[in-house]
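Architecture and fold: a report
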Amino acid sequence: MKRITLLLLAMLLFTACGRNRPADTSSRLIVPTKNALPISGTFLDEISHDIPHQNWGEKEWDRDFRYMKDIGINTVILIRCGYRKFITYPSEYLLSRGCYMPSVDLVDMYLRLAEKYGMKFYFGLYDSGEYWDTGDMTSEIEANRHVIDEVWKMYGEKYSSFGGWYLSGEISRATKGAIHAFREMGLQCKRVSGGLPVFISPWIDGKKAVMASNGKLTREDAVSVEQHEKEWDEIFAGISGAVDAVAFQDGHIDYDELDTFFAVNKRLADKYGMQCWTNAESFDRDMPIKFLPIKFDKLRMKLEAAQRAGYDKAITFEFSHFMSPQSAYLQAGHLYDRYKEYFEIK
Amino acid sequence: MKRITLLLLAMLLFTACGRNRPADTSSRLIVPTKNALPISGTFLDEISHDIPHQNWGEKEWDRDFRYMKDIGINTVILIRCGYRKFITYPSEYLLSRGCYMPSVDLVDMYLRLAEKYGMKFYFGLYDSGEYWDTGDMTSEIEANRHVIDEVWKMYGEKYSSFGGWYLSGEISRATKGAIHAFREMGLQCKRVSGGLPVFISPWIDGKKAVMASNGKLTREDAVSVEQHEKEWDEIFAGISGAVDAVAFQDGHIDYDELDTFFAVNKRLADKYGMQCWTNAESFDRDMPIKFLPIKFDKLRMKLEAAQRAGYDKAITFEFSHFMSPQSAYLQAGHLYDRYKEYFEIK
Amino acid sequence: MKRITLLLLAMLLFTACGRNRPADTSSRLIVPTKNALPISGTFLDEISHDIPHQNWGEKEWDRDFRYMKDIGINTVILIRCGYRKFITYPSEYLLSRGCYMPSVDLVDMYLRLAEKYGMKFYFGLYDSGEYWDTGDMTSEIEANRHVIDEVWKMYGEKYSSFGGWYLSGEISRATKGAIHAFREMGLQCKRVSGGLPVFISPWIDGKKAVMASNGKLTREDAVSVEQHEKEWDEIFAGISGAVDAVAFQDGHIDYDELDTFFAVNKRLADKYGMQCWTNAESFDRDMPIKFLPIKFDKLRMKLEAAQRAGYDKAITFEFSHFMSPQSAYLQAGHLYDRYKEYFEIK
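Residues numbered from 1 in each chain as written. Chains lettered and ligands numbered in written order. Predicted model: local features only at pLDDT ≥ 70, side-chain atom pairs only at ≥ 80, totals over all residues. Heavy atoms only, no water.

As annotated in an unreviewed UniProt entry, chain A carries the name DUF4434 domain-containing protein and comes from Alistipes timonensis JC136.

**A few points about the overall build of chain A**
Of regular secondary structure, chain A possesses twelve helices and ten strands. Computed over the C-alpha atoms, the radius of gyration of chain A is 22 Å, within 12% of the 20 Å expected from 2.2 N^0.38 for a compact globule of 346 residues. When burial is assessed residue by residue, chain A has 64% of its 346 residues classed as buried. In chain A, 78% of the contacts between residues at least 6 apart in sequence involve partners at least 24 apart. Counting 44 positive and 49 negative side-chain charges, chain A places the centres of these two groups 6 Å from one another. (Helix = DSSP H or I, 4+ residues; strand = E, 2+ residues; numbered from the N terminus. Rg over C-alpha atoms; globule rule 2.2 N^0.38 Å. Buried < 20%, exposed > 50% of the residue type's maximum accessible area, 1.4 Å probe, protein only. Contact = heavy atoms within 4.5 Å. Lys, Arg positive; Asp, Glu negative; His and termini not counted. Charge placed at Lys NZ, Arg CZ, Asp CG, Glu CD.)

**Re the confidence of the model for chain A**
All names here are of chain A. The pLDDT averaged across chain A works out to 91; a share of 91% of its residues lies at or above 70. In this model residues 10-23 is a low-confidence stretch, pLDDT under 50, and it forms ten contacts with partners more than four residues away in sequence or in other chains. As scored by the predictor, the complex reaches a pTM of 0.92 and an ipTM of 0.91. (pLDDT = per-residue confidence, 0-100.)

**As for the packing of aromatic side chains**
Residue and element names in this part refer to chain C. As enumerated under the stated definition, the model contains 108 aromatic pairs over all chains in all. Between Tyr89 and Phe123, the aromatic rings sit 6.2 Å apart at their centres with planes inclined by 75°, giving edge-to-face as the arrangement. On the criterion of sequence distance, the pair formed by Tyr89 in the loop between strand 4 (86-87) and helix 3 (92-96) and Phe123 in strand 5 (residues 120-124) is long-range, its members being 34 residues apart. Among the residues examined, Phe123 registers a relative accessible area of 0% and is labelled buried. (Phe/Tyr/Trp six-rings, centres within 6.5 Å; stacked < 30°, edge-to-face > 60°.)

**Remarks on the packing of helix 9 (residues 258-271) of chain B against helix 10 (residues 296-308) of chain B**
All names here are of chain B. The geometry of helix 9 relative to helix 10 is characterised by a closest axis approach of 9 Å and an angle of 40° between their N-to-C directions. Here helix 9 lies oblique to helix 10, going by the angle between them. Classified by chirality, the crossing of helix 10 by helix 9 is right-handed. Facing Leu258, Asp259 and Phe262 of helix 9, the residues of helix 10 in contact are Met301, Lys302, Ala305, Ala306 and Arg308. When grouped by side-chain class, the residues that make up the contact of helix 9 with helix 10 number five nonpolar, no polar and three charged. (Axes fitted to C-alpha atoms, helices over the stretch in contact; angles between N-to-C directions. Parallel < 35°, antiparallel > 145°, perpendicular 65-115°, else oblique. Left-handed = near helix turned anticlockwise from the far one by under 90°. Nonpolar A, V, L, I, M, F, W, Y, C, P; charged D, E, K, R; others polar.)

**Focus: helix 9 of chain B**
All names here are of chain B. Between its first and last C-alpha, helix 9 extends 20 Å over 14 residues, near the 20 Å set by a 1.5 Å rise per residue. Within the sequence span of helix 9, burial applies to Leu258, Phe261, Phe262, Val264, Asn265, Lys266, Leu268 and Ala269. Taken from the residues just after helix 9, Gly273 is the one with a positive phi, measuring 65°. (Expected span 1.5 Å × (residues − 1).)

**Notes on the pattern of salt bridges**
Residue and element names in this part refer to chain A. Under the defined criterion, the tally for this structure stands at 70 salt bridges over all chains. A salt bridge links Arg112 to Asp108, with the shortest nitrogen-to-oxygen separation between them at 3.1 Å. With Arg112 and Asp108 both in helix 4 (residues 106-116) and four residues apart, the pair spans about one turn of that helix. We classify Arg112 as buried; its relative accessible area is 18%. (Salt bridge = Lys/Arg side-chain N within 4 Å of Asp/Glu carboxyl O.)

**Description of the environment of Leu78 of chain A**
Residues and elements named next belong to chain A. Turning to its location among the elements, Leu78 is positioned in strand 2 (residues 75-78). Note on Leu78: relative accessible area 0%, which makes it buried. For the pair formed by Leu78 and Tyr110, sequence separation is 32 residues and the distance between their alpha carbons is 8.5 Å.

**Considerations on the sheet that holds strand 1 (residues 39-44) of chain B**
Residue and element names in this part refer to chain B. Taking strand neighbours around the barrel as the criterion, the eight strands line up as 1-2-5-6-7-8-9-10 in a closed arrangement whose pairing is parallel. The mean angle between the axes of side-by-side strands here comes to 30°, regardless of whether they run parallel or antiparallel. Where strand 6 (residues 162-167) meets strand 7 (residues 198-200), three bridges bridge the pair, whose relative direction is parallel. Among the inter-strand pairings, Tyr166 is bridged to a residue of strand 7, identified as Phe199. Sheet contacts for helix 2 (residues 58-70): strand 1 and strand 2 (75-78); angle to strand 1, the most-contacted strand, approximately 155°. (Pairing = 2+ DSSP bridges.)

**A short note on the pairing of strand 1 of chain B**
The element strand 1 of chain B is extensively covered by neighbouring structure, given that six of its six residues are classed as buried. Traced from strand 1 of chain B through helix 2 of chain B to strand 2 of chain B, the parallel crossover comes out right-handed. (Right-handed = clockwise from strand over helix to strand, strands pointing away.)

**Some words on the side chain of Gln249 of chain C**
Residue and element names in this part refer to chain C. Within the element layout of this structure, Gln249 appears in strand 8 (residues 245-249). On the basis of relative accessible area, Gln249 is assigned to the buried category, the value being 6%. Only 3.0 Å separates the side chain of Gln249 from the backbone oxygen of Ser201, close enough to count as a polar contact. (Polar contact = N/O pair within 3.5 Å; in protein donor to acceptor, adjacent residues only side chain to side chain.)

**A few points about helix 8 (residues 225-239) of chain B**
Residues and elements named next belong to chain B. Helix length check: helix 8, at 15 residues, gives a terminal C-alpha distance of 21 Å against a target of 21 Å (1.5 Å per residue), a fit within 8%. Of the residues making up helix 8, those classed as buried are Val225, His228, Glu231, Trp232, Asp233, Ile235, Phe236, Gly238 and Ile239. Elements that come into contact with the buried residues of helix 8 comprise helix 7 (178-192), strand 7, strand 8 (245-249) and helix 9. Of the residues one or two after helix 8, Gly241 is the one with positive phi, at around 95°.

**Regarding the environment of Gly82 of chain B**
Among the structural elements, Gly82 of chain B can be located in strand 3 (residues 82-83). Beyond its immediate stretch of four places on either side in the chain, Gly82 of chain B contacts Ile47, Ile87, Tyr126 and Asp127 of chain B.

**With respect to the side chain of Ser324 of chain B**
Residues and elements named next belong to chain B. With respect to the helices and strands, the residue Ser324 is situated in the loop between helix 11 (319-322) and helix 12 (330-342). Polar contacts involving the side chain of Ser324 include one to the side chain of Asp64, which spans 2.5 Å. The residues touching Ser324, leaving out its near neighbours within four places in the chain, are Trp56, Asp64, Tyr67, Phe319, Ala332 and Gly333.

**Observations regarding the sheet that holds strand 6 (residues 162-167) of chain A**
Read around the barrel, eight strands follow the order 1-2-5-6-7-8-9-10 (chain A) and close on themselves; strand pairing throughout is parallel. With direction set aside, neighbouring strand axes in the sheet form an average angle of 30°.

**Brief notes about the packing of helix 10 (residues 296-308) of chain A against helix 12 (residues 330-342) of chain A**
All names here are of chain A. Close contact between helix 10 and helix 12 brings their axes to 10 Å; oriented N to C, the two are set at 45°. When the interaxial angle is binned, helix 10 and helix 12 end up oblique. For the pair helix 10 and helix 12, the crossing hand works out as right-handed. Note on element contacts: helix 12 touches helix 10 through Leu335, Arg338, Tyr339 and Tyr342, opposite Phe296, Leu299, Arg300, Leu303 and Glu304. Of the residues assigned to the contact of helix 10 with helix 12, the class counts are six nonpolar, no polar and three charged.

**Some remarks on unusual backbone geometry**
Across the junction of Phe317 of chain A and Glu318 of chain A, the peptide omega takes the value -25°, indicating a cis bond. Relative to the helices and strands, Glu318 of chain A resides in the loop between strand 10 (313-317) and helix 11 (319-322). In this structure, the amide linkage connecting Lys290 of chain B to the following residue, Phe291 of chain B, adopts the cis form with an omega of 10°. Phi is positive for Arg84 of chain A, close to 55°, though the residue is something other than glycine.

**What to know about the state of the cysteines**
Throughout the structure, instances matching the rule amount to zero disulfides over all chains. Of all cysteine sulfurs, the one in Cys99 of chain C lies closest to Cys81 of chain C, which takes part in no disulfide; the gap is 8.9 Å. (Disulfide = S-S within 2.5 Å.)

**Looking at the pairing of strand 2 of chain B**
Residue and element names in this part refer to chain B. In strand 2, alternate side chains face the same way, and those of Thr75 and Ile77 on one face and Val76 and Leu78 on the other are all buried. In this sheet, strand 2 lies alongside strand 1 in parallel orientation, the contact comprising four bridges. Across the sheet, the residue bridging to Thr42 is Val76, located in strand 2. For strand 2 and strand 5 (residues 120-124), the ladder comprises three bridges, and the chain directions are parallel. Across the sheet, Val76 pairs through a bridge with Phe121, a residue of strand 5.

**Overview of the environment of Pro197 of chain C**
With respect to the helices, strands and loops of the structure, Pro197 of chain C is situated in the loop between helix 7 (178-192) and strand 7 (198-200). Those residues in contact with Pro197 of chain C, other than ones at most four positions away along the chain, are Tyr122, Gly163, Gly164, Trp165, Lys190 and Asp244 of chain C.

Here it is as structure tokens:
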């Protein structure tokens, strides 16, 4: 009887583990592994602009931070603390402007989880939406003047995980008043927080720079690399001293344009003493469903290019929808597995 | 040996339960809970108009009714018994008009499951599609004249769960001939069924009233609240006596317009002796993927507004895609969890 | 103590199996079962053109071939070995033209898995994208002249599962130069491989022939059945001898047009001594999300029509996204269950 019990137990354990497959079903990579800049940071897409919400509670977020940690992520960045009337924390100032009360204080939760998992949290500024409507950033500066002070008082002094600031305006070369706005807001962030680092994540005005609501995937009138360098030289000169790192989004140009644009970005960052990060988009811009997780080889090629260009750090937009094993998009969990396979993470 | 056996069993059970997480990973709500009108009804989206099919068999539907029951749903509404050539039950009449034979009699199945779970089933009328093509409802009246009689004979006398009728034409203020059509069809439904209740679920011609196939999310020429009240006063006057409840869809206006429009709707319903329900859409109209589950806080705000307005009942479009733990959209299961958390349902 | 151990084990096993539901939750079909042409082949959508990537490794692919096998699939077809710069195998020729190195040799993997599961693998030719941009197929012929030779040398002589060729250009009646191109490429495929079969899978220029990036689902200027027959008679005459089977995509016409068009296709195939297959699309063309799995009854109606028309074989585009139990689209697993139910596969 005991032997039967043990046999049954063994069978149960064997089935539960499910690792009894022959070795020949593991993938056979034909490219050099670990030959790319690993991702060490991710945006947290709250409040989302165009990615449907996953409706996670603290339990799921806690689990996600652990998944992030397991592949080497040490930096989390709130994409924005509010977008139009939806906000992430009970901001007295923004509520008084007509914003809606959130059911959970996400800023507090993220800061706690960042402490728990030994990560740095970057706070993304408020996006009033006016800049998207009018191209003007005046109201962004005004609102964030209050938000920056308020947030530092509420959380900055309380949590050692509060590690920096993210100027959430997703500008490109043609954004009117962006230099002045970024300079003002960056300097205020540093002033209130004793000099914590500030970064931006602009987009390249490339062939895939089309709106999510647009049926088309590409456009004809993309910026040339010369024009890109000339205009960003001017912008970098204007924000130098107020911004510590720049993380260009890597998804608006084609894969064989990566080296050219990355070299320019690195040269400009070096010239103005900034860190050069890449914002490796983990969603696919080439598909009619906007947006689902990217094909691994595309992500790999972008991270390989970042490594070749000598970039300082790779962050991604973003882990929880597009790379997480618990994402509602199951392709994301497989991307996680492919990523671990390539970087030989057990 | 026995002790080892027990130890292994304990470990297995411990792992299987997975409830061994510290208490501090539960969500911390900063808004008053249970402060909103709970959902007690849902549409069943067969035949679907623009939501991809889940391909469930009876096993999945049975399980879904149990999930509904667990959060207090006591009413299920077939969104329509047929749309153009696709139908939900083997209707002799509709088959003779060229409709396709379904592989399962969904009406019979839903009525059986409603009986099993102690729910009321509302039957949604046939939608020939002509009204969408031409704006004219003549052929809807003609087809449904046959359908109403047929369905009551096939199921109405057999199932005590047959609880009412839903006039499935999704009209708005400008729908030509809707008053006449709804009056005719509503009265016939009542006549054949001994006076069972009839309801409609129109949409407000608001800023988000755009077609699913349209790339844009909003439009400029939304109706004013005064115009809305004037036109619906006229419509309600015309259908009074033939319709018992009106459940406006809540997704075509902005969140800070809810109170204003809801107050008008309630006033009109009261004036004409109808029940005032809300059709709380559980999908997100603000995202480029059309459609995935809504962010919980948006649903909460809409149900809070319905409670403030003194509404009689909340139904949703719809549970099985957007709120069910077994939905193909995993965000739905998390919405279910958030909903239970907020309403303190164990 | 032993009895408690056994009791606990029994409970565990009972729960694990989960088959303890009453029999009355199985679906009740009201149509004749097994009354349709079963699917015995599927495309493998690598490199994908407009379906987001699942990021599977060899483990997932191995499992998917088993799922295919279980429902009777004996033929797998690589949709294309490359699309523009993305390719499926380390082609010296295509790499020298600027294509990107893939991280896995998918052709080798698919051939190995086909051998393991006793299937035939068809190789889909390279798609340079120029035909989509210009409507001209000259560069397709030139590139594939090299690819066909290369691939046969690399894999054809090594794997007995290499069973045929697929001319991947998705032509329709108006495709300039298609007859010449298909003839050239088909004959070369046969020449190098000792006469292995070649097939094509064109689309009918019907009412649903709209681009995935287009917001609309249908169009007005669909081809008439007479025009279809006239033009394809000419095309078939031109490719006869170079192509062994034609598998028209079944998703561009309406369900009540199936019999008419299928009869024409079969008549033409017979006339020119080709096999007549159907490419039963398992994704839904009628929904705003492009694309998710099809509703089972739609697939059933198409396979029933193929059976009525006396077709030789049904393949699908495609199993892994739209019918697989492990698809990221959970509707696919339910479609798999409905399919098995209908064909009475245990």
